[in-house]
Amino acid sequence: DSGVTQTPKHLITATGQRVTLRCSPRSGDLSVYWYQQSLDQGLQFLIQYYNGEERAKGNILERFSAQQFPDLHSELNLSSLELGDSALYFCASSVLPNTGELFFGEGSRLTVL
Amino acid sequence: AQSVAQPEDQVNVAEGNPLTVKCTYSVSGNPYLFWYVQYPNRGLQFLLKYITGDNLVKGSYGFEAEFNKSQTSFHLKKPSALVSDSALYFCAASSYGDDKIIFGKGTRLHILP
C-alpha cells in the first residue's frame, strides 16, 4: 500500500459528461502529480502541484483542470468527455517536487461510452 | 523539451539469465533519472534513482542501473532474472529546477521459466 488514495477506482460515463477524480496524497507529502495512462500513449504527465500551487503542466487538455486544496488533497476535473479520454488516471505524491521517488495510487479507470 | 525513450516494447529473458531494459533520455541540464515497475492492475512502484554520484545505482529487488552521460542512457539491469520480475518497467527523467517527471512508454519484461 503506497498510502496514496484515489477515488473512484472505476467510472463509466457517457460522452459529453463531466467527472471529478480525487486523490489523497501520502501523509506528509506536499507534491501531487497527475498522469494519464493509455495503451497507445503510455504514461502522460498532466499536471503537478506543490503545497497548493501549480508548478508544472504537461499535455493537459483545456477540457481538463485540476487543483490542490489546503488539506493537500487534489482533484482532476474532466469535462466534455470524449471516447479518447478513456484511460487509467494516476495520482502520485512526493514529499518535495522533483525528488523522483513518487508514490502512486492504484488509479482511477475511466471508461467513456 | 524533455523526453524519455524505451526502444523495446517487450524483452524476453530466460530465468536465471541477466536482463537489461534500455532507456535513453533527453533533458536540458543535469538529469535526474528513475526506474519504476508496474504489476497488473496496480500503480507504479519506485525502483531506483540517479541524481548525482556513482554511475551505478542499486535499487530494490536486486535491480541496478547504469548512468552513461555520453550515451544519455540509463539502462536497468539485473544479474539473474526471476519469473516474478515479469512486469511493465518505466524509465523516467526530470532535471534540476524542472518539476516535471516524464516517463517513457514502458517495456514489458517477460521472464521465461
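Nothing here was measured: the structure is a model prediction, and the numbers come from that model.

Draft legend 1. Examining the overall build of chain B more closely. Scanning chain B from N- to C-terminus turns up zero helices and 12 strands. When its helices and strands are written in sequence order, chain B yields β-β-β-β-β-β-β-β-β-β-β-β. Referenced to the eigenvectors of the C-alpha coordinate spread, the extents of chain B come out at roughly 45 × 30 × 20 Å. Residues counted as buried form 48% of the 113 residues belonging to chain B. Contacts in chain B between residues at least 24 apart in sequence constitute 56% of all its contacts with a sequence separation of at least 6.

Draft legend 2. Quick look at the environment of Thr111(A). Residues and elements named next belong to chain A. Relative to the elements of secondary structure, Thr 111 occurs in strand β11 (residues 108–112). With 101 residues separating them along the chain, Thr 111 and His 10 place their C-alpha atoms 7.9 Å apart. If sequence neighbours within four positions are ignored, Thr 111 has contacts with Leu 11, Ile 12, Thr 13 and Ser 86.

Draft legend 3. Molecular detail of the pattern of salt bridges. Residue and element names in this part refer to chain A. Scanning the model with the defined rule gives nine salt bridges over all chains in all. Put simply, Asp 29 and Arg 26 hold a salt bridge, and the shortest N to O gap is 2.9 Å. Residue classification places Asp 29 among the buried positions, given a relative accessible area of 1%. For Arg 26, a relative accessible area of 24% puts it in the partly exposed group. The network of salt bridges with common partners includes Arg 63, Glu 82 and Asp 85.

Draft legend 4. Broad picture of the state of the cysteines. According to the stated counting rule, one finds two disulfides over all chains in the structure shown. The disulfide partner of Cys23(A) is Cys91(A), and the S-S distance across this bridge is 1.8 Å. Since a negative S-S torsion denotes a left-handed disulfide, the Cys23(A)-Cys91(A) link at about -55 degrees is left-handed. Taken together, the residues span a long stretch of sequence, with Cys23(A) in strand β3 (residues 19–24) and Cys91(A) in strand β9 (residues 87–94) at a distance of 68 residues. Cys91(A) shares its class with Cys23(A); the two are buried. One disulfide bridge connects Cys23(B) with Cys91(B), the sulfur atoms lying 1.9 Å from each other. Between Cys23(B) and Cys91(B), the disulfide has an S-S torsion of -65 degrees and is therefore left-handed. One end of the pair, Cys23(B), is in the loop between β3 (19–21) and β4 (24–26); the other, Cys91(B), is in strand β10 (residues 87–95), with 68 residues separating them in the sequence.

Draft legend 5. Up close: the layout of surface pockets. Of the volumes computed, that of the largest pocket is approximately 610 Å³. Around the largest pocket, the lining comprises 20 residues; the ones closest to its centre are Gln37(A), Leu39(A), Gln38(B), Leu88(B) and Arg108(B). Breaking the lining of the largest pocket down by element, the ones donating at least two residues are β4 (31–38) of chain A together with β10 of chain B. A total of three residues in the lining of the largest pocket trace back to one element, the largest contributor, which is β10(B). Residue composition of the lining of the largest pocket, by class: seven nonpolar, seven polar and six charged.

Draft legend 6. Up close: the side chain of Ser108(A). Residues and elements named next belong to chain A. Relative to the assigned elements, Ser 108 resides in strand β11. Assessed through its relative accessible area of 2%, Ser 108 is described here as buried. Of the polar contacts made by the side chain of Ser 108, one reaches the backbone oxygen of Pro 8; its length is 2.6 Å. Once residues within four sequence positions are removed from consideration, Ser 108 is found in contact with Gln 6, Thr 7, Pro 8, Lys 9, Leu 21, Ala 87, Leu 88 and Tyr 89.

Draft legend 7. How the structure looks around the interface of chain B and chain A. Counting residues at the interface gives 25 residues for chain B and 22 residues for chain A. When the shortest N-O distance is used, the salt bridge between Glu106(A) and Arg42(B) registers 2.9 Å. At the boundary of chain B with chain A, the tally comes to six residue pairs in polar contact (both at pLDDT 80 or more). Sorting the residues of the side of chain B that touches chain A by element identifies β5 (31–38), β6 (44–50), β10 and β11 (98–103) of chain B as the ones contributing at least two each. Looking at the side of chain B that touches chain A element by element, the count peaks at six residues for β11(B). Broken down by class, the residue content of the side of chain B that touches chain A amounts to 12 nonpolar, seven polar and six charged.

Cut-off values and rules
Residues numbered from 1 in each chain as written. Chains lettered and ligands numbered in written order. Predicted model: local features only at pLDDT ≥ 70, side-chain atom pairs only at ≥ 80, totals over all residues. Heavy atoms only, no water. Helix = DSSP H or I, 4+ residues; strand = E, 2+ residues; numbered from the N terminus. Buried < 20%, exposed > 50% of the residue type's maximum accessible area, 1.4 Å probe, protein only. Contact = heavy atoms within 4.5 Å. Salt bridge = Lys/Arg side-chain N within 4 Å of Asp/Glu carboxyl O. Disulfide = S-S within 2.5 Å. 1 Å grid on protein atoms, 1.4 Å probe; cavity = no way out; pocket = protein on both sides within 12 Å on 5 of 7 lines; lining within 4 Å. Points joined across faces, edges and corners; volume = space filled by probe spheres on them. Nonpolar A, V, L, I, M, F, W, Y, C, P; charged D, E, K, R; others polar. Polar contact = N/O pair within 3.5 Å; in protein donor to acceptor, adjacent residues only side chain to side chain.

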